[in-house]
Amino acid sequence: EDLGMKHRLWVYSGRRGVHCWVCDDAVRKWSPALRAAAVEYLTLVKVGAQGAGASPARPPEADCCWRVCAGGAGSAVSVISLDRRPQHREPLQGEFPKKRDSVQRWELLKGRMERTRRAAAAGKGTACYADWEIMLQYCFPRLDINVSKGVGHLLKSPFSVHPKTGRISVPLDLQRLDQFDPFAVPTIRYVSGAGSTGGPGCASSPPPCPAVSRSSLCHELDAAGDNGEQEDGGETEPKRRARDYKKTSLAPYVRVFEQFVEEMEHARRGELLRRSGKSRAA
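Here the residue index of a chain counts from 1 through its sequence in written order. Local features in a predicted model are, by the rule used here, given only for residues with pLDDT of at least 70; side-chain atom pairs are given and counted only at 80 or more, and totals for whole chains, interfaces and linings are based on all residues. Only hydrogens and water are removed before side-chain values are computed, so all heavy atoms of the structure are retained for them.

The name given to the chain in an unreviewed UniProt entry is DNA primase AEP, with Pluvianellus socialis as the source organism.

Written out as structure tokens, the structure is:
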């Protein structure tokens, strides 16, 4: 939003990443230098040989990220941001072992840091933002600058298959993001446990993976095709196969993609009409 990007499609990579496809005409024409500058603007945490390089004060542009970070920081208690603050680190190191779990340790750390900020507001001491730095370090997304700035970089398109997991790269519905389960997306293989073999219609066997149970997309398509033959005996196979995906677990993700394309096309038509109206007025 800060950079004026309107048409953004978020796609799960099939493993542990997320791709943001920006389809604005102007952005697609950006040079590698502009793309690198955009990534630099969006990068809040820099990791080097000494670990996190978060700012010691709360970055003003980071306000939008705290809702995301705060939800996942309960188990990320660490003294990574206190290395240069022994006056806070040493008391916490002495009290952490007395706490039952990471949630209690996190609450202790957060309370201490909030106390320093209240004291600083009253003119007594210096504020410490170690809890915010830890949230940024562990919860804020890392951006791949090489993928983002290179116009010729190899990318996995939506609905491609991740070669190591067999999962489909599916578009994400941002309105239901809290319900998304990366382990439940459609897969090209049948998986019912660690080291299971490929399912019907799939020639390759998957590598060892967590014990889950989900249907293979190959199997679903075969089943949909068999049902289609019984229901529409006179329909040609290409037409029938073209709509078989609507009977599989891939259907809701395709709807997300189609909705994105329709909204983008509608916006493009509106822009063309606006330009043509200006031309006639001129």
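More follows now that the structure is in view.
### Side note on the overall build of the chain
Cut-off, in case you're wondering: Only runs of H or I of at least four residues qualify as helices and only runs of E of at least two qualify as strands under DSSP, and these elements are numbered from the N terminus. The classification of residues rests on relative accessible area computed with a 1.4 Å probe and restricted to protein chains. Under 20% of the type maximum is buried, over 50% is exposed, and intermediate values are partly exposed. Whether two residues touch is decided by their heavy atoms; if any such pair falls within 4.5 Å, the residues are in contact. Here, Shrake-Rupley sampling with a 1.4 Å probe gives the accessible areas, and only protein chains in the shown set may cover a residue.
When helices and strands are counted, the chain shows 10 helices and 4 strands. Sorting the 282 residues of the chain into buried and exposed places 32% on the buried side. A sequence separation of at least 24 residues applies to 52% of the contacts in the chain between residues at least 6 apart. Accessible surface computed for the chain: about 17,700 Å², of which carbon and sulfur atoms make up 54%.

### Concerning the packing of aromatic side chains
Ring pairs (aromatic) are described by centroid distance and by the angle formed between their planes. In plain terms, the rule: Think of it this way: a Phe, Tyr or Trp ring, Trp meaning its six-membered ring, pairs with another when their centres are within 6.5 Å, and the plane angle makes it stacked under 30 degrees, edge-to-face over 60, tilted otherwise. We call a charge positioned above a ring when the Lys NZ or Arg CZ atom is no farther than 6 Å from the ring centre and deviates by at most 35 degrees from the ring normal.
Taken as a whole, this structure holds 3 aromatic pairs when the rule is applied. The interplanar angle of 65° and the centroid separation of 5.4 Å between the aromatic rings of tyrosine 12 and phenylalanine 180 together place this pair among those described as edge-to-face. One end of the pair, tyrosine 12, is in strand β1 (residues 8-12); the other, phenylalanine 180, is in the loop between α7 (145-149) and α8 (217-231), and 168 residues separate them in sequence. The ring of tryptophan 132 carries the charged tip of arginine 117 above its face, separated from the ring centre by 4.3 Å.

### Side note on helix α2 (residues 32-42)
Inclusion rule: Of all possible arcs, the one meant is that of the directions from the helix axis to the C-beta atoms.
Three or more residues of α2 are buried, namely Arg35, Ala36, Ala38 and Val39. Down the axis of α2, the buried side of the element spans an arc of 155°, and every buried residue falls inside it. Tucked inside the fold, the buried residues of α2 contact α1 (25-28) and α7.

### Re helix α5 (residues 102-121)
For clarity, the threshold we go by: Multiplying 1.5 Å by the residue count of a helix minus one yields the expected span of that helix. Within 3.5 Å is the distance limit for a polar contact, defined as a pair of N or O atoms, with the added protein rule that one can donate a hydrogen and the other accept it, and that residues adjacent in sequence qualify only through two side-chain atoms.
For α5, which comprises 20 residues, the first-to-last C-alpha distance of 29 Å matches the rise-based estimate of 28 Å (1.5 Å per residue) to within 8%. Its side-chain oxygen placed 3.2 Å from the backbone nitrogen of valine 103, aspartate 101 serves as the N-cap of α5. One or two steps after α5, the chain reaches glycine 123, where phi turns positive at roughly 80°.

### Quick look at the pattern of salt bridges
Side-chain pairing between opposite charges can occur once the charged atoms of the two side chains come close. Keep this limit in mind: Here a salt bridge means any side-chain nitrogen of Lys or Arg lying within 4 Å of a carboxyl oxygen belonging to Asp or Glu.
Using the criterion set out here, one finds 10 salt bridges in the structure. In this structure, a network of salt bridges that share partners links the residues Asp25, Arg28 and Arg268.

### Some details on a nonpolar patch on the surface
Note the cut-off: To count toward a patch, a residue needs a relative accessible area above 30% and no salt bridge. Like charges then connect within 9 Å, nonpolar side chains (Val, Leu, Ile, Met, Phe, Trp, Tyr) within 5 Å.
Where nonpolar side chains cluster on the molecular surface, the patch consists of Leu3, Tyr41, Leu42 and Leu143 and spans about 330 Å² of accessible area. Here leucine 143 shows up in the loop between α6 (130-139) and α7. Look at leucine 143 and you get partly exposed, because its relative accessible area is 40%.

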